[in-house]
Amino acid sequence: MIAPEQKAWADRKVPPVTGLWMLSLALIAGGVSYLAAYLPKRAPLGPAVGLLAASAIVLGVGVVLLAGQRDFAWRRFRQVAGWTFLAYIVIAGMIEYAFIYDHTHGAVLIVMTLMLFVFMLAPPLLVGFTVARFQRTS
Amino acid sequence: MDREAPVEILPVKALPVVAVIVAALIAAIGANSRWALDFFHVAGGGIWTALDLFLGFILGPILGRLSIPARVELTKRLMPKLVLIIPVLVTMTLAAGFQLARYNGMLDTSFPRHAWVVASFAVVGVMAVIAISLLEPANIAVLFELRKPQPNPAVIEKLMRRFIFTAGITGAMQIGTLIIMTRLAS
């Protein structure tokens, strides 16, 4: 049997950062799919830059919303997000190596690298937040 | 009374197996071995699809009908394994699949069924966003909850519902992938 206070704790209101960071990742996935659809030709970069900018803005809004939280397990958030970030640095490093190995260069490389940077930030924030939102601060 | 060992978040003993699989995958990509790439892509994709469908449509409803202690016990044993199994299957399938598509010229816009390849990017993109944003964080968070001296069953139930539901969605989307892949291969 689940006690009412346990249910209330599980269902307590939190800022909608999961949705925002999910949207940020979706915009990056859209941008990468768009660029990949033109391979080996070069895609017009305008839409990809637009998706990248929108993704970065949505990611930033989520960070600002979360930063305003007082009753939040920040220590646990930093711990989990930090380790996840380390894993994603390795993943992103390998992907960046593949870009360079495949002779991606110029503006396309810059856009792809920036997309990779946003991709590298969102998952650690998502994992850190999902763990920390259920931790008690005291 | 014997004290139970804390729940393991990452099954460290299984890491060498993961290392061997990843090394074999890198070797397959490096050598452009058609058979090995086919093996990783087909075997990985098949197991990934079956696992997602099993979790979403078979285990999920069963889990929902179990008593709370039984749910907690099952979750304790199942989730640490999935932390490793799912990312390894996804990496195997996608990395080998992309290289196979490159090798076969399917990535080229001149490929007659290029639209199907782009459709597969879209499906994989959606699945990746769901998996990274909802499924994997729920998996990790439930393990942190289970490590507490007194886990909150409401939190476990909420996270497990999210995990099983998203596994079901990605499993259903895998059916779309199967249609695209068989169309490309035929």
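Our structure's up above, just so we're on the same page.
Residues numbered from 1 in each chain as written. Chains lettered and ligands numbered in written order. Predicted model: local features only at pLDDT ≥ 70, side-chain atom pairs only at ≥ 80, totals over all residues. Heavy atoms only, no water.

## What to know about the interface of chain A and chain B
Stated formally: The contact criterion used is simple: two residues touch if any of their non-hydrogen atoms lie within 4.5 Å. Each of two parts loses accessible area, computed with a 1.4 Å probe, when they are put together; buried area is these two losses added. Salt bridge, as used here, is a side-chain nitrogen of Lys or Arg placed within 4 Å of a carboxyl oxygen of Asp or Glu. Pairing of N or O atoms within 3.5 Å defines a polar contact, subject to two protein rules: one partner must be a possible hydrogen donor and the other a possible acceptor, and residues neighboring in sequence count only if both atoms are side-chain atoms. Helix and strand definitions here come from DSSP, where helices need a minimum of 4 consecutive H or I residues and strands a minimum of 2 consecutive E residues; each element is numbered from the N-terminal end.
The interface of chain A with chain B comprises 33 residues on the first partner and 30 residues on the second. The largest contributions to the chain A side of the interface with chain B come from Ile2(A), Met22(A) and Phe134(A), which together make up 21% of the buried area. Along the contact surface separating chain A from chain B lie one salt bridge. Between Asp11(A) and Lys158(B) there is a salt bridge whose closest N-O contact spans 3.2 Å. Our enumeration of links across chain A and chain B arrives at three residue pairs in polar contact (both at pLDDT 80 or more). At eight residues, the largest contribution of residues to the side of chain A that touches chain B is made by helix H2 (residues 17–37) of chain A.

## Comments concerning empty space enclosed by the protein
All names here are of chain B. Heads up, the condition is: The rule is simple: put a 1 Å grid over the protein atoms alone, call a set of points where a 1.4 Å probe fits but cannot get out a cavity, call an open set with protein on both sides within 12 Å along at least five of seven lines a pocket, and count a residue as lining if it has an atom within 4 Å of a point. Grid points are joined across faces, edges and corners, and a volume is the space filled by probe spheres set on the points.
Summed over the entire model, instances satisfying the criterion amount to one cavity of 30 Å³ or more. In this structure, the largest cavity encloses a volume near 40 Å³. The wall of the largest cavity is formed by Ile68, Arg71, Val72, Pro153, Ile156 and Glu157. Within the residue set of the lining of the largest cavity, elements represented by two or more residues are helix H3 (68–103) and helix H5 (153–185).

## Structural notes on the pattern of salt bridges
Rules: Think of it in three bands: residues with accessible area under 20% of the maximum for their type are buried, residues over 50% are exposed, and the middle band is partly exposed, with areas taken using a 1.4 Å probe on protein chains only.
The final tally for this structure, using the stated rule, is nine salt bridges over all chains. A salt bridge links Glu73(B) to Arg77(B); the nearest nitrogen and oxygen atoms lie 2.6 Å apart. Linking Glu73(B) with Arg77(B), this pair stays in helix H3, spanning four residues, or about one helical turn. Judged by relative accessible area, which is 32%, Glu73(B) ranks as partly exposed. The partner of Lys148(B) in a salt bridge is Glu145(B), with the nearest N and O atoms 2.7 Å apart. Accessibility expressed as a relative area gives 1% for Glu145(B), which makes it buried. Three or more residues joined by partner-sharing salt bridges are found here, namely Lys7(A), Asp11(A) and Lys158(B).

## Regarding helix H2 (residues 34–65) of chain B
For clarity, the cut-off: Given the number of residues in a helix, its expected span is that number minus one, multiplied by 1.5 Å. To get the bend at any residue, fit one axis to the seven residues that end at it and another to the seven that begin at it, then take the angle between the two axes.
Here H2(B) is 32 residues long and its end C-alpha atoms lie 45 Å apart, about the 46 Å a rise of 1.5 Å per residue gives. For H2(B), the principal kink sits at Leu59(B) and spans about 45 degrees; a proline, Pro61(B), occurs within the next four residues.

## Focus: the packing of H2(B) against H3(B)
When two helices pack together, their arrangement is given by the angle between their axes and by how far apart the axes lie. All names here are of chain B. Let me state the cut-off plainly: In this analysis an axis means a line fitted to C-alpha atoms, helices contributing only their contacting stretch, and an angle means the value between N-to-C directions, from 0 to 180 degrees. Orientation categories follow fixed angle ranges, with anything under 35 degrees roughly parallel, anything over 145 roughly antiparallel, 65 to 115 roughly perpendicular, and all other angles oblique. For a crossing to be left-handed, the near helix must be turned anticlockwise from the far one by less than a right angle; the clockwise case is right-handed. Note on residue classes: Ala, Val, Leu, Ile, Met, Phe, Trp, Tyr, Cys and Pro are nonpolar, Asp, Glu, Lys and Arg are charged, and everything else, Gly too, is polar.
Between H2 and H3, the least distance of the axes is 8 Å, while the angle of their chain directions is 150 degrees. Regarding the angle of H2 to H3, the classification is roughly antiparallel. Seen along the crossing, H2 lies across H3 with a hand that is left-handed. When its residues are assigned to classes, the contact of H2 with H3 shows 20 nonpolar, seven polar and three charged.

## Let's talk about the nonpolar core
Inclusion rule: To define a nonpolar core, start from buried Ala, Val, Leu, Ile, Met, Phe, Trp, Tyr and Cys residues and group those joined through side-chain atoms within 4.5 Å.
Ranked by size, the top nonpolar core spans 36 residues in total, and within it Trp21(A), Leu35(A) and Phe77(A) carry the most contacts. Elements represented by at least two residues in this core include exactly H2, helix H3 (45–67), helix H4 (74–101) and helix H5 (106–132) of chain A together with helix H4 (114–146) of chain B. When residues in this core are grouped by element, the largest group, 14 residues, is from H5(A). Each residue touching Leu35(A), except ones within four places of it in the same chain, is listed here: Ala43(A), Leu45(A), Ala48(A), Val111(A), Met112(A) and Met115(A). If you look at the next biggest cluster of nonpolar residues, it comprises 34 residues, including Ile2(A), Trp9(A), Ala138(B) and Ile140(B).

## What about the environment of Thr177(B)?
Residue and element names in this part refer to chain B. Tracing the backbone shows Thr177 in helix H5. Remark: the alpha-carbon pair of Thr177 and Val123, spanning 54 residues in sequence, is separated by 6.9 Å. Other than its neighbours up to four places away in sequence, Thr177 contacts Val123 and Met127.

## Some words on helix H1 (residues 15–31) of chain B
Residues and elements named next belong to chain B. Cut-off, in case you're wondering: It is the directions from the helix axis to the C-beta atoms that the arc portrays.
An ideal rise of 1.5 Å per residue puts 24 Å on 17 residues; H1 measures up with 24 Å between its terminal C-alpha atoms. Every buried residue of H1 is listed here: Val18, Leu25 and Ala28. The buried residues of H1 occupy an angular sector of 90 degrees when projected down its axis, which confines them to one face. Those residues of H1 that are exposed and aimed more than 90 degrees away from the buried face are Pro16, Val20, Ile26, Gly30 and Ala31. Elements that come into contact with the buried residues of H1 comprise H2 and H3. Backbone geometry just downstream of H1 places Asn32 in the positive-phi region, at approximately 50 degrees.

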